[in-house]
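Close look at the chain arrangement
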Amino acid sequence: MYNRLRSLRTERNWSQATLAEELGVSRQTINAIEVGKYDPSLPLAFSISKLFKQPIEKIFDPDKAGLESQQDA
Amino acid sequence: MTAKTRENLDGLCERDRINAARFIRWFVAFFLLFSLGAIVLGPEKRTPLWHLVFGFLPAVPACFALNAYFRFMKDADELIRRIHFEAAAHSFVVVIFAGYFFYLAAQMFGGWEDSGAMICLLGTFSYVVNLRRARQRFDV
């Protein structure tokens, strides 16, 4: 699963620790999601979506090209 | 506490860090009392009554360590919980298979006395190895 978590976070100048604190998870979880090693649970994906005020499909996509086209749109 | 343990604890969120530190403290206390008990009790067949104290003393920190472990698993953030569940599941399977071989080894080379200790050691070792593998897989 590809995601835009890192770009969304850096746009806001947040550190991984800050984002982790906002979401109530560990910094390690944020890092694992960003590098694509771990797919978050549905509740966490919804929390991320709510925090960044974007629909889930604009943040996560199984296809990298799909995510890039979402980003361009 | 080693530098690596501290580093791993630092990456956790506050709630998990407190639970993990509590577990480590009680586990160390349990291990020390267990070692003391093993030394004091020795291989004697006839056990004086006061030996029971050393036999049951490790049960106290063991209960607290178990409580801390279950609390950690219940409250842990989803990735950390998954890593620990994977490590526990894999080491459980390793211990089951090893149990059969310890049984055969005991049949071939003698009594059962050390089989329990070997399974405990292997379980702990396997848990640590699988924990490390899972952490590497998730880049944690």
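Relevant structure appears above.
Read on for an overview of the structure. Predicted model, so just to flag it, every value in this text is computed and none were measured.

Summing up its helical and strand segments, chain A has six helices and two strands in all. Written out in order from the N terminus, the α and β elements of chain A read β-α-α-α-α-α-β-α. Taking the contacts inside chain A whose residues are at least 6 apart along the sequence as the reference set, 53% of them involve residues at least 24 apart. Per element, the accessible surface of chain A, about 4,100 Å² overall, is 49% carbon and sulfur.

This part is about a nonpolar patch on the surface. A cluster of nonpolar residues, B:Phe92, B:Val93, B:Ile96, B:Phe97, B:Tyr100, B:Phe101, B:Tyr103, B:Leu104, B:Met108 and B:Phe109, forms a patch on the protein surface that exposes about 1,200 Å² of accessible area. With relative accessibility at 56%, the residue B:Tyr100 sits in the exposed group.

Moving on, we get to helix 6 (residues 115-137) of chain B. Helix length check: helix 6 of chain B (23 residues) gives 32 Å between terminal C-alpha atoms against 33 Å at 1.5 Å per residue, within 8%. Of the positions making up helix 6 of chain B, those classed as buried are B:Ser115, B:Gly123, B:Ser126, B:Tyr127, B:Asn130, B:Leu131, B:Ala134 and B:Arg135.

Residue and element names in this part refer to chain B. In this model, helix 4 (residues 59-75) (17 residues) spans 24 Å end to end at C-alpha, consistent with the 24 Å of a helix rising 1.5 Å per residue. Looking only at helix 4, the buried set comprises Pro-61, Ala-62, Ala-65, Ala-68, Tyr-69, Phe-72 and Met-73. Buried residues of helix 4 fall within an arc of 130° about the axis and therefore sit on the same side. Away from the buried face of helix 4 by more than 90 degrees, exposed residues Cys-63, Phe-70 and Lys-74 are located. Contacts from the buried residues of helix 4 go to helix 2 (14-41), helix 5 (78-109) and helix 6.

Criteria and thresholds
- Residues numbered from 1 in each chain as written.
- Chains lettered and ligands numbered in written order.
- Predicted model: local features only at pLDDT ≥ 70, side-chain atom pairs only at ≥ 80, totals over all residues.
- Heavy atoms only, no water.
- Helix = DSSP H or I, 4+ residues; strand = E, 2+ residues; numbered from the N terminus.
- Contact = heavy atoms within 4.5 Å.
- Areas by Shrake-Rupley, 256 points an atom, 1.4 Å probe, with all protein chains shown as cover.
- Patch = residues over 30% accessible without salt bridge, like charges linked within 9 Å, V, L, I, M, F, W, Y side chains within 5 Å.
- Salt bridge = Lys/Arg side-chain N within 4 Å of Asp/Glu carboxyl O.
- Buried < 20%, exposed > 50% of the residue type's maximum accessible area, 1.4 Å probe, protein only.
- Expected span 1.5 Å × (residues − 1).
- Arc of directions from axis to C-beta.

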